[in-house]
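# Observations on the model geometry
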Amino acid sequence: MTTTQDSVNDNALVLGDKTLDSRLIVGTGKYADYETMQKALDVSGAQVITVAVRRERLIDAEGRSLLDYIDTDRYTILPNTAGCFTADDAIRVAQLGREILDQMDNPGKNWVKLEVLGDKKTLLPDPVGTLEACKTLVDDGFDVLCYTSDDPIMAQRIRDAGATSVMPAGSPIGSGQGVLNQNNIRLILELLKDPEHGGNPDYPVIVDAGVGTASDVTIAMELGADGVLLNTGIAHAKDAVRMAEAMKHALLAGRLAYQSGRIGKRLYATASSPWSGVISYIPGE
Amino acid sequence: MLNGEMQEIPTNAEGRATVADLIAHLDMVGKPLAVELNKEVVRFRNHPTTELNEGDVVEVVSLVGGG
């Protein structure tokens, strides 16, 4: 099935030094098996996929590993700092991820999806640690795609710290609640991208975390987000491959709708068929 | 300490062990991974010359699925 990207008349997503046709970034975690992950990623159309950095299994080297199922020529790999609760740990993990990708010569070698978590149960970001790690990693030459809450002020701080992209959560990671506070996402988009507010229209804001189903992606894109990052919404769907396809279309639909200039919302109706020339009785006339 | 557990690393004739030796000992030569020694990344090009000493804390990491 060919993409209808050409008919979209869209500009591509520019993230740092990378230009992407797909505005969907998909995670590689939590799939039922590697084969399902492989198919889901393929069907999603994503060009960037996230991975985590963990201790290598030292015994049982026969176990299958993720990279056996990833076409590293096709995908740009984006390592995350998931599981880090301090800036120092996130910085260590980012540097280790870079080292691995450097050896593989994958285009993702200067990227990191920065997460500094505050709490294990909610996986909410620690804003202080996040900002600290962001500054250090930017200074160290990373393109930082920074996971944060939907606080517009924090989003500005992270942008000012040099992050390549601000990635506000729609709702807690894996929670499937979608975009809980559309107003905050709109405020972030306005503050970061609207020239009248000192923003840059080309600055990428990607909604990351909490996506549960296709409409969540569409809503995020209709608000004006530049892209969506998700993992659990696909990986834990009953039919992950089918959901990946749904997400691809949902993103396209949301992007097209955003560009099309939707109608406003009115209290009263406005008829779609003309009143003139009716043969019917109109009450009140 | 290697990946959280105390381990003995075999040394060469001169009683030394490098990061490269460790990778070979683990039968992981050529695998995409990174090594951290006492909380600092050891660049791949430095594996053959970076020595491991008693009490060092080493992490050998790779990429796994994640969001």
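To be clear, the structure that these remarks concern was listed above.
Reading the values: rules and limits
Residues numbered from 1 in each chain as written. Chains lettered and ligands numbered in written order. Predicted model: local features only at pLDDT ≥ 70, side-chain atom pairs only at ≥ 80, totals over all residues. Heavy atoms only, no water. Helix = DSSP H or I, 4+ residues; strand = E, 2+ residues; numbered from the N terminus. Rg over C-alpha atoms; globule rule 2.2 N^0.38 Å. Buried < 20%, exposed > 50% of the residue type's maximum accessible area, 1.4 Å probe, protein only. Contact = heavy atoms within 4.5 Å. Areas by Shrake-Rupley, 256 points an atom, 1.4 Å probe, with all protein chains shown as cover. Lys, Arg positive; Asp, Glu negative; His and termini not counted. Charge placed at Lys NZ, Arg CZ, Asp CG, Glu CD. Buried area = accessible area lost by both parts, 1.4 Å probe. Salt bridge = Lys/Arg side-chain N within 4 Å of Asp/Glu carboxyl O. Core = buried A, V, L, I, M, F, W, Y, C linked by side-chain atoms within 4.5 Å. Expected span 1.5 Å × (residues − 1). Axes fitted to C-alpha atoms, helices over the stretch in contact; angles between N-to-C directions. Parallel < 35°, antiparallel > 145°, perpendicular 65-115°, else oblique. Left-handed = near helix turned anticlockwise from the far one by under 90°. Pairing = 2+ DSSP bridges. Phe/Tyr/Trp six-rings, centres within 6.5 Å; stacked < 30°, edge-to-face > 60°. Lys NZ or Arg CZ within 6 Å of the ring centre and 35° of its normal.

A count of helical and extended segments in chain B gives 1 helix and 3 strands. When the helices and strands of chain B are listed from N to C terminus, the series reads α-β-β-β. A compact globule built from 67 residues should have a C-alpha radius of gyration of about 11 Å, and chain B, at 12 Å, falls within 12% of that. Taken along the three principal axes of its C-alpha coordinates, chain B extends 45 × 25 × 20 Å. For chain B, with 67 residues in total, the buried portion stands at 39%. Considering only contacts in chain B between residues 6 or more positions apart, those separated by 24 or more positions represent 55%. Surface summary for chain B: the accessible area is close to 3,900 Å², and the carbon and sulfur share equals 48%. Positive and negative side-chain charges of chain B, numbering 5 and 11 respectively, have mean locations separated by a distance of 10 Å.

What follows deals with the interface of chain B and chain A. Listed as interface residues are 25 residues of chain B and, on the opposing side, 29 residues of chain A. Between chain B and chain A, a total of about 2,500 Å² is buried, with carbon and sulfur atoms accounting for 59% of that surface. Among the residues chain B hides against chain A, the three largest losses belong to B:L63, B:V64 and B:G67. Together they make up 27% of the total. Summed over the shared surface of chain B and chain A, the result is 5 salt bridges.

Residues and elements named next belong to chain A. With 71 residues, the main nonpolar core has Y31, L114, V217, V228 and I234 as its most contacted residues. A total of 8 residues in this core trace back to one element, the largest contributor, which is helix α3 (residues 87–104). Discounting chain neighbours no more than four positions away, the residues touching V228 are R23, L24, I25, I206, V207, V211, V217, A220, M221 and L251.

This part covers helix α9 (residues 240–260) of chain A. Residues and elements named next belong to chain A. For α9, spanning 21 residues, the distance from its first C-alpha to its last is 30 Å, which sits close to the expected 30 Å at 1.5 Å a residue. Buried within α9 we find A240, M243, A244, M247, A250, L251, L252, G254 and R255. G261 lies just past α9 and shows a positive phi near 70°.

To describe two helices that pack against each other, one gives the angle between their axes and the distance between the axes. Residue and element names in this part refer to chain A. Taken N-terminus to C-terminus, the directions of α3 and helix α4 (residues 127–139) make an angle of 40°; their axes are 8 Å apart at the nearest point. One finds that α3 runs oblique with respect to α4. When you trace α3 past α4, the crossing you get is right-handed. Each of A87, A90, I91 and A94 in α3 lies in contact with α4, whose residues at this interface are G129, E132, A133, T136 and L137.

All names here are of chain A. Here we have 3 strands laid out as an open sheet, ordered β6-β7-β8, and parallel in their pairing. Among the strands making up the open sheet, the edge pair consists of β6 (111–114) and β8 (165–168). Strand after strand, the sheet turns through a mean of 15° between neighbouring axes, direction not considered. Note that β6 and strand β7 (residues 143–148) share 4 bridges and pair parallel. From the neighbouring strand, K113 faces β7, where its bridge partner is L145.

Looking now at the packing of aromatic side chains. All names here are of chain A. Using the criterion set out here, one finds 1 aromatic pair over all chains in the structure. For the ring pair Y34 and Y69, a centre distance of 4.9 Å and an interplane angle of 20° mean the geometry is stacked. Of this pair, Y34 sits in helix α2 (residues 34–44) while Y69 is found in the loop between β4 (48–55) and β5 (76–79), placing the two residues 35 residues apart along the sequence. Note that K113 overlies the ring of Y147, its terminal NZ or CZ placed 5.9 Å from the centroid.

Everything listed here is a matter of geometry and, on its own, says nothing about what the molecule does.
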